[in-house]
Amino acid sequence: MIGALRVRGPFRGPSGYDHHTREFVREMARQGVAVQLLELPGWGAVRLPEALRDPWFERLDRPVDARVTLHFAMPHQVVPAEGNANVDYTMFEATRVPDLWVERNREHALVVVPTTSSRDAWLASGFPGERLRVCPLGVNAALFAAPGPPLPLITEAGLPVARYRHRFLNVSELGPRKNLVGLLGAWLAATRPDDDAILLVKLGQYAPGWLDLLRRDLRALEERTRQRFADAAPVQFLFDLLADREMPRLYAAATHYVSLSHGEGWDQTMVEAAVSGLRLIAPDHSAYRDYLTPETATLIPSREVPAGFVGDPTLQALFAGANWWEPDQGAAAAAIRDAIDGRDAGRTGAGPAIARRFSWEESTRALLAILDEVAVSAAR
């Protein structure tokens, strides 16, 4: 097995890439690999406060005798390390990747993605299959299955969230791909003010302007549907940054996890919610098909549509010519209604199967085996 590795990726922030960089590196060290960890320059402006960071990662900056550099980055962000075989661990949330990504990834020894949907996106874009590997991300089942006391969340009206019997949670970065307008439209259609239910939406604000756009879109939603949020069950937005160790307590405050995303490369929060024992509502597309089934989650029918971003030319360029998926909003509203009325019982739950298949220990072992293959080839 590979003994030393140079890793370049974000690890000081709250994004999904930051999270899986930390988890893989932590587990690599547990498995005896000497790691040099280098921050990916130019990755977002949001950083976790010092009090929420693990200082152990900062001490991994010393050089190691590595033949392979592993990049946790989008392909256009990879700066190849000279004298090393370079491997890019990345993902995408639509049916094909940008031509620029294919061009950049051809410079690398290997591309690793977490799910079959990402693999299919690279293949559809002409990237050679022999240079692709699938290695899933993981989850800390012991942490999320025993979370400690729920976070003591309070609504804007001053009521404890725990008083509601049905507590739906969504964790999303602000932006069109997460389809928050679709989720909130389904909530408006499904709920009434006297329902014993609440929707908790934890938002990550990693790019300027998205929160203002969401507010405008929600006003337009009320006008278009002639339904007001005042006439639905309450919605509570959460903006606090949470350390990795605090996330289990957020899931413990909920009973259901719901996503109507247009596409996912993995969706770490859905996986964590599953292991936390929450009942799941998810679109039937992209990464969700790798770990959810109709027996373990309520899957929402979805159809391919052209991917589209408003207000961000960079993201528009990345998704140009690709499709993502439109979940059926009526089916989503019916699933929320069924959950409130107690008609979503009887499923086995996805948590046990996910915990068995996707531990960080097993995922890291699989990734190291792939990297060892690269190191052996580089030494020849």
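These remarks concern the structure in this document. (Residues numbered from 1 in each chain as written. Predicted model: local features only at pLDDT ≥ 70, side-chain atom pairs only at ≥ 80, totals over all residues. Heavy atoms only, no water.)

Another point: the overall build of the chain. Along its length, the chain carries 12 helices and 14 strands. Taking 380 residues into account, the globule formula puts the C-alpha radius of gyration at 21 Å, and the chain, at 21 Å, falls close to it. Reported as C-alpha extents along the three principal axes, the dimensions of the chain are approximately 70 × 45 × 40 Å. When the 380 residues of the chain are sorted by exposure, 54% land in the buried category. Excluding contacts between residues fewer than 6 apart, the proportion of contacts in the chain whose partners are at least 24 apart in sequence is 71%. Taking the average location of the 42 positive side-chain charges in the chain and that of its 47 negative ones, the two points are 2 Å from each other. (Helix = DSSP H or I, 4+ residues; strand = E, 2+ residues; numbered from the N terminus. Rg over C-alpha atoms; globule rule 2.2 N^0.38 Å. Buried < 20%, exposed > 50% of the residue type's maximum accessible area, 1.4 Å probe, protein only. Contact = heavy atoms within 4.5 Å. Lys, Arg positive; Asp, Glu negative; His and termini not counted. Charge placed at Lys NZ, Arg CZ, Asp CG, Glu CD.)

The next point concerns the nonpolar core. Ranked by internal contacts, the top residues of the largest apolar core, which has 69 residues, are M28, L70, Y89, L280, L292, I354 and L367. Of all hydrophobic cores here, the second largest spans 50 residues; its members include L180, L199, A232 and A307. (Core = buried A, V, L, I, M, F, W, Y, C linked by side-chain atoms within 4.5 Å.)

Strand order in the open sheet made by the six strands is β9-β8-β7-β10-β11-β12, with parallel pairing throughout. Both edges of this open sheet fall to β9 (235–238) and β12 (298–300), since each of them pairs with a single strand only. Pairs of neighbouring strands in the sheet enclose a mean axial angle of 20°, with direction left out of account. With eight bridges connecting them, strand β7 (residues 166–173) and strand β8 (residues 197–204) associate as parallel partners. (Pairing = 2+ DSSP bridges. Axes fitted to C-alpha atoms, helices over the stretch in contact; angles between N-to-C directions.)

Moving on: the packing of aromatic side chains. This structure, assessed with the given rule, holds 17 aromatic pairs. Here the aromatic rings of W56 and F57 are separated by 5.0 Å at their centres, their planes lie at 70°, and the arrangement is edge-to-face. W56 sits in the partly exposed class, given a relative accessible area of 25%. Relative to Y89, the ring of F72 has its centre 5.6 Å away and its plane inclined at 55°; by these criteria the two rings are tilted. In this pair, F72 is assigned in strand β3 (residues 68–72) and Y89 in strand β4 (residues 85–89), connecting sequence segments 17 residues apart. As far as burial versus exposure is concerned, F72 and Y89 are alike and both buried. (Phe/Tyr/Trp six-rings, centres within 6.5 Å; stacked < 30°, edge-to-face > 60°.)

Under the counting rule described, the total for this entry stands at 25 salt bridges. The partner of D244 in a salt bridge is R22, with the nearest N and O atoms 3.0 Å apart. Taken as a pair, D244 in the loop between β9 and α7 (247–252) and R22 in helix α1 (residues 16–30) lie far apart in primary sequence, 222 residues in all. A salt bridge links E264 to R177; its shortest N-O distance comes to 3.2 Å. Separated by 87 residues along the polypeptide, E264 in the loop between β10 (256–258) and α8 (268–275) and R177 in the loop between β7 and α5 (180–190) bring together distant segments of the chain. Here E264 falls in the buried class, since its relative accessible area comes to 4%. Look at R177 and you get buried, because its relative accessible area is 15%. It is possible to trace a salt-bridge network through shared partners that takes in R192, D194, D195, R337, D338, D341 and R343. (Salt bridge = Lys/Arg side-chain N within 4 Å of Asp/Glu carboxyl O.)

On to the sheet that holds β4, then. What the six strands build is an open sheet, ordered β2-β1-β3-β4-β5-β6; its pairing is parallel. The two strands at the open ends of the sheet, each matched to only one other strand, are β2 (34–39) and β6 (132–134). Direction aside, the axes of adjacent strands within the sheet are offset by 25° on average. Sheet topology places strand β5 (residues 110–113) next to β6; three bridges connect them, and they run parallel.

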